[in-house]
Amino acid sequence: MRTSFEPVDTAGVASRLRLGVTRLARRLRQEAEAGISPSQLSALATVERDGPMTMGDLCGVEHVQPPTMTRIVAALVEAGLLERWADPDDRRVSWVRITSRGARLLARARSRKDAYLARRLRSLEPRELALLEEAAGVLERLVEERP
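Residues numbered from 1 in each chain as written. Predicted model: local features only at pLDDT ≥ 70, side-chain atom pairs only at ≥ 80, totals over all residues. Heavy atoms only, no water.

## Description of the packing of aromatic side chains
Put simply, the rule reads: The aromatic pairing rule takes the rings of Phe, Tyr and Trp, using the six-membered ring of Trp, and pairs them if the centres are within 6.5 Å, calling planes under 30 degrees apart stacked, those over 60 edge-to-face and the rest tilted. For helices the rule is a DSSP run of H or I covering at least 4 residues; for strands it is a run of E covering at least 2, with both sets numbered from the N terminus onward. The classification of residues rests on relative accessible area computed with a 1.4 Å probe and restricted to protein chains. Under 20% of the type maximum is buried, over 50% is exposed, and intermediate values are partly exposed. Geometrically, a charge over a ring is one whose NZ (Lys) or CZ (Arg) sits within 6 Å of the ring centre while staying within 35 degrees of the ring normal.
Per the counting criterion, the structure on display carries 1 aromatic pair. With centroids separated by 6.4 Å and ring planes inclined at 15°, the aromatic side chains of Trp85 and Trp95 adopt a geometry described as stacked. With Trp85 in strand E2 (residues 82–86) and Trp95 in strand E3 (residues 94–98), the pair connects residues that are 10 residues apart, well separated along the chain. Trp95 gets classed as partly exposed once you look at its relative accessible area, which sits at 26%. Above the face of the Trp85 ring, Arg97 is positioned so that its terminal group lies 4.2 Å from the ring centre.

## Regarding unusual backbone geometry
One non-glycine residue, Glu33, adopts positive backbone phi at about 45°. One non-glycine residue, His63, lies in positive phi territory at about 55°. The topology assignment puts His63 in the loop between helix H3 (55–62) and helix H4 (66–78). On the accessibility criterion, His63 (72% relative accessible area) is exposed.

## Points about a nonpolar patch on the surface
Test applied: Grouping into patches uses exposed residues only, defined as over 30% relative accessible area, and leaves out salt-bridged ones; the cut-off is 9 Å for like charges and 5 Å for nonpolar side chains (Val, Leu, Ile, Met, Phe, Trp, Tyr). Shrake-Rupley sampling with a 1.4 Å probe provides the accessible areas, and residues are treated as covered by the protein chains on show and by no other component. Salt bridge criterion: a side-chain nitrogen from Lys or Arg within 4 Å of a carboxyl oxygen from Asp or Glu.
Residues Val8, Val13, Leu17, Val21, Leu139, Leu142 and Val143 make up a contiguous nonpolar surface patch of roughly 610 Å² in combined accessible area. Going through the elements one at a time, helix H1 (10–32) and helix H6 (126–143) are the ones with two or more residues in the nonpolar patch. Residue placement: Val8 occurs in the segment before H1. Assessed through its relative accessible area of 52%, Val8 is described here as exposed.

This is the structure in structure tokens:
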């Protein structure tokens, strides 16, 4: 147990946190059983969260180049998870929006991930669970967008 007077090895904490978060994210992706790639799942979730958007905006949010996003969206459209249409004022611009089927897929994937994590959390001691509850708030602040 460390005391509050001991210096924190920030680099060590960063490394352990990165590895733990990466492994947890991988495991949650596996539990989702969404039937689509992580990139497709991410794009679909972005469109659900932000609403109808242009392909250019989706590329920006997802940090993906247009040719890659075109392939991702084409697969999602073919699966009936997204709708895509040309802008009526500028035919060079394409818009996308989530379908009800896409929203149901995301809800099922999230439900499976939450259920897996809840099962794992139930195996912890009350002190550990309280610590993770506090850490969740810290993680939320850590990933907030900064101006």
